[in-house]
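Chain by chain, the residues run as shown.
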Amino acid sequence: MGSSSLLPATSASAYSIGVLVFALCFMFHVPNAAAGVTRHYQFDINLKNVTRLCQTKSIVTVNGQFPGPPIFAREGDRVVVKVVNHVQNNITIHWHGVRQLMSGWSDGPAYVTQCPIQTGQSYTYNFTITGQRGTLFWHAHISWLRATLYGPIIILPKPNVPYPFTKPYKEVPMIFGEWFKADTEAIINQALQTGGGPNVSDAYTINGLPGPLYNCSAKDTFKLKVKPGKTYLLRLVNAVLNDELFFSIANHTLTVVDADAVYVKPFETDTILITPGQTTNVLLKAKPYYPKASFVMAARPYVTGQGTFDNSTTTGILEYISPSSVKNTSKLPLFPATLPPLNDTSAATNFTKKFRSLASKQYPANVPQNVDKRFFFTVGLGTNPCPKNHTCQGPNGSMFAASVNNVSFALPTTALLQAHFTGQSNRVYSPYFPYYPIHPFDYTGNNTINNTNVISNTTNLVVLPFNTNVELIMQDTSILGAESHPLHLHGYNFFVVGQGFGNYDPINDPAKFNLVDPVERNTVGVPSGGWVAIRFRADNPGVWFMHCHLEIHTSWGLKMAWLVLDGKLPNQKLPPPPADLPKC
């Protein structure tokens with residue numbers, strides 16, 4: 001298999017055993033031909049009783065697994081996934097970070113590219129992995145169902161193409177998630193009804209396991225067993241609903257080599273910051289000797305907002321496989337992990353600034369050097385008035401809302417892409433999303449604006465001609481307190497050409513942009529009280545969702561969509577929808 005021996009290390013987690021079985025099947029069915037192959041999967045959406053924190057509850061799963069099964073593919077492979085819905089909830093699946101070139105019908109966000117898959121119905125997603133290798137993930141993209149519906153997408157290089165870094169001995173997916181004792185659908189429904197903040201999770205998890213710091217969870221601990229001197233590739237995914245996370249392993253340094261399925265210039269770090277929607281591949285080099293100790297792996301939130309959050313820590317254990325001469329390993333010392341303070345924005349900033357594209361001849365950074373259209377989006381929280389005869393739990397008796405350029409996006413009841421493709425966009429959406437804030441103000445100053453109300457119930461899109469070079473500045477606002485926002489763009493990778501704190505300066509800040517080797521991502525954190533600048537070429541026709549990956553902010557309206565028109569050539573036009581596309 002050359003560069004891609006894909007065997008996860010042994011762990012106590014049944015999830016890892018499942019990944020191992022998938023990996024073995026994958027390894028023995030890899031052809032030597034350089035051309036991509038088609039890989040078929042079936043996702044049966046069903047209920048499963050799962051016990052965590054001394055409590056059993058029924059959760060929505062794929063194939064009865066939590067987390068869900070991995071998707072394995074090589075760059076250039078076609079992936080076909082039949083999703084069959086056996087539960088009462090409406091379902092869609094999003095293949096987070098997959099470019100979906102000319103396959104917008106398979107992107108998955110409900111009421112954007114498709115109507116949901118209803119009970120007893122099915123839909124087959126069909127897409128090709130183009131120009132990507134690394135780790136992505138899939139998750140439900142309707143309401144808050146991604147709390148339990150998620151799993152990794154593991155993309156290997158083409159056959160006989162090596163990694164541009166040390167070949168790992170083994171590869172291990174590690175997915176950060178959350179566990180809620182309550183039903184997450186009830187949580188978000190209550191929050192939207194009352195206008196207040198939602199109840200927070202009861203635990204964070206690693207591969208579905210909370211770890212020993214939580215009640216009766218010692219047995220539910222992810223264990224990573226390693227051999228001295230070996231190098232392991234950890235495929236990190238943040239599938240958490242509402243929190244960015246710091247992660248570290250006691251007494252070990254990690255080397256970052258890949259972000260959002262794009263190679264980066266390797267750099268060493270003791271701590272990882274990973275936002276919801278982001279993936280990061282890191283190399284873990286085990287100590288060259290048996291250390292006679294075990295080491296804690298820990299993740300806890302990075303917090304910038306004013307609201308409540310789950311102030312807890314999930315932990316796993318890094319264990320070294322002992323030589324035969326060591327008989328008793330039960331009383332080994334356990335070294336604790338060190339993490340930055342919860343609100344350590346300087347640690348977060350120092351980490352994110354280390355990312356650079358590989359920008360090599362083989363893996364170039366094709367940053368748009370010229371810009372056709374410039375956009376300036378404010379992103380942040382606001383409020384809406386409380387309806388009459390209604391008690392609301394938002395600030396000063398209002399209802400929380402969130403917006404982009406003061407527009408709180410309302411999802412239609414017809415899928416946007418279908419409305420566009422069939423020419424029936426009237427009364428579904430407007431093509432007049434504002435390029436700049438409607439009412440400019442001191443975005444990050446104190447007492448920035450007296451009226452915190454946002455405009456709601458509008459469905460506005462930005463329309464882009466094919467191949468438009470876009471520059472987008474996303475500016476955090478401090479209307480209800482500055483806060484970091486991980487923004488995810490569907491259908492595209494983008495280059496993060498600049499970022500800073502305070503208000504963006506259109507005169508002086510562009511001179512500092514990195515147009516040589518900026519990191520290429522699909523999800524980026526807008527800094528708390530700051531701004532980020534991205535560029536991308538709109539070369540993929542369709543309707544593409546962009547939203548904050550903090551799920552509550554998306555529920556409150558911090559989202560919008562880009563409509564990219566067809567090009568003139570046949571291979572620049574979105575094909576017709578598949579016959580089994582769900583109907584609304």
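Keep in mind that what you see is a predicted model, and the values were worked out from it rather than measured.

Let's shift gears to the overall build of the protein. Counting its secondary structure elements, the protein contains five helices and 33 strands. What you see for the protein is a C-alpha radius of gyration of 23 Å, in line with the 25 Å of a compact globule of 584 residues. Its C-alpha atoms put the protein at 75 × 55 × 55 Å along the principal axes. A burial count over the protein gives 60% of its 584 residues as buried.

Moving on to the UniProt feature "domain: Plastocyanin-like" (unreviewed entry) in the protein. The residues that UniProt annotates with the feature "domain: Plastocyanin-like" (unreviewed entry) are residues 47-158, 171-321 and 434-566. Secondary structure content for residues 47-158 is 0% helix and 46% strand, while the C-alpha to C-alpha distance between its ends is 36 Å. In this annotation, residues 171-321 is assigned 7% helix and 47% strand; the end-to-end C-alpha distance for the span is 16 Å.

Let's shift gears to the pattern of salt bridges. The full count for this structure, using the stated rule, is 13 salt bridges. The salt bridge involving R146 is made with E551; its shortest N-O contact spans 2.6 Å. Placement of the pair is R146 in the loop between β7 (134-140) and β8 (150-156) and E551 in helix α5 (residues 551-556), with a sequence separation of 405 residues. Judged by relative accessible area, E551 falls into the buried class, the value being 9%. A salt bridge links D517 to K265; the nearest nitrogen and oxygen atoms lie 2.9 Å apart.

If you walk across this open sheet you meet the four strands as β2-β1-β4-β6, and the pairing is mixed. The sheet terminates laterally at β2 (55-62) and β6 (122-128), the two strands that pair on one side only. Within this sheet the neighbouring strands show an average axis-to-axis angle of 25 degrees, counted without direction.

On to unusual backbone geometry, then. A cis geometry characterises the amide bond from F66 onward to P67, with omega recorded as -10 degrees. Phi angles above zero are rare outside glycine, and L53 is one such case at about 55 degrees. Along the chain, the position of L53 falls in the loop between β1 (38-52) and β2.

The subject of this paragraph is the environment of P291. Mapped onto the secondary structure, P291 falls in the loop between β17 (279-285) and β18 (294-302). Residues P291 and S322, 31 residues apart in the sequence, show an inter-C-alpha distance of 9.0 Å.

Buried residues of helix α3 (residues 345-352): A348, T349 and F351, and no others. All buried residues of α3 fall inside an arc of 165 degrees around its axis, so they share one side. Close packing links the buried residues of α3 with β13 (244-249), β14 (254-259), β15 (262-269), β16 (272-274), β18 and β28 (494-501).

We now examine the state of the cysteines. Going through the model one piece at a time under the given rule, you end up with three disulfides. Between C54 and C216 runs a disulfide, and the two sulfur atoms are separated by 1.8 Å. Remark: C216 occurs in the loop between β10 (203-206) and β11 (223-226) and C54 occurs in the loop between β1 and β2; sequence separation between them is 162 residues. For C54, a relative accessible area of 61% puts it in the exposed group. A sulfur-sulfur distance of 1.8 Å marks the disulfide that ties C115 to C584. Here the disulfide of C115 and C584 is left-handed, its torsion about the S-S bond being about -95 degrees.

Mapping F545 onto the fold places it in strand β32 (residues 542-548). Ignoring sequence-local partners within four residues, the contact set of F545 consists of P109, V112, H141, F409, L411, H488, L489, H490, K559, M560 and A561.

Next up on the list: the pairing of strand β22 (residues 399-404). Within β22, five of the six residues are buried, which leaves it mostly tucked inside the rest of the structure. Pairing between strand β21 (residues 373-384) and β22: six bridges, direction antiparallel. Bridge pairing in β22 places N384 opposite M399.

The subject of this paragraph is the sheet that holds β8. The pairing of strands in a sheet happens through backbone hydrogen bonds and is either parallel or antiparallel. An order of β3-β8-β7-β5 is seen for the four strands of this open sheet, with the pairing classed as mixed. Edge positions in the sheet fall to β3 (71-74) and β5 (93-96), since each has one partner strand and no second. Neighbouring strand axes in the sheet, compared pairwise and without regard to direction, differ in orientation by 20 degrees on average. Of the strand pairs in this sheet, β7 and β8 are connected by six bridges, and their pairing is antiparallel. Counterpart to H139 in the pairing with β8 is Y150.

With that out of the way, let us pick up the packing of aromatic side chains. Geometrically, a pair of aromatic rings is defined through the distance of the ring centres and the angle of the planes. The final tally for this structure, using the stated rule, is 34 aromatic pairs. Judged by centre distance (5.4 Å) and plane angle (55 degrees), the ring pair of F246 and Y302 falls under tilted. Taken together, the residues F246 in strand β13 and Y302 in strand β18 connect sequence positions 56 residues apart. The pair formed by F246 and Y302 is uniform in burial state, with each residue classed as buried. Here F267 and F355 contribute two aromatic rings whose centre-to-centre distance is 5.1 Å and whose plane-to-plane angle is 85 degrees, an arrangement assigned as edge-to-face. Linking F267 in strand β15 with F355 in the loop between α3 and β21, this pair joins segments that are 88 residues apart in sequence.

Scoring rules and cut-offs
Residues numbered from 1 in each chain as written. Predicted model: local features only at pLDDT ≥ 70, side-chain atom pairs only at ≥ 80, totals over all residues. Heavy atoms only, no water. Helix = DSSP H or I, 4+ residues; strand = E, 2+ residues; numbered from the N terminus. Rg over C-alpha atoms; globule rule 2.2 N^0.38 Å. Buried < 20%, exposed > 50% of the residue type's maximum accessible area, 1.4 Å probe, protein only. UniProt positions renumbered as here; feature names shortened; annotations may be inferred. Salt bridge = Lys/Arg side-chain N within 4 Å of Asp/Glu carboxyl O. Pairing = 2+ DSSP bridges. Axes fitted to C-alpha atoms, helices over the stretch in contact; angles between N-to-C directions. Arc of directions from axis to C-beta. Contact = heavy atoms within 4.5 Å. Disulfide = S-S within 2.5 Å. Phe/Tyr/Trp six-rings, centres within 6.5 Å; stacked < 30°, edge-to-face > 60°.

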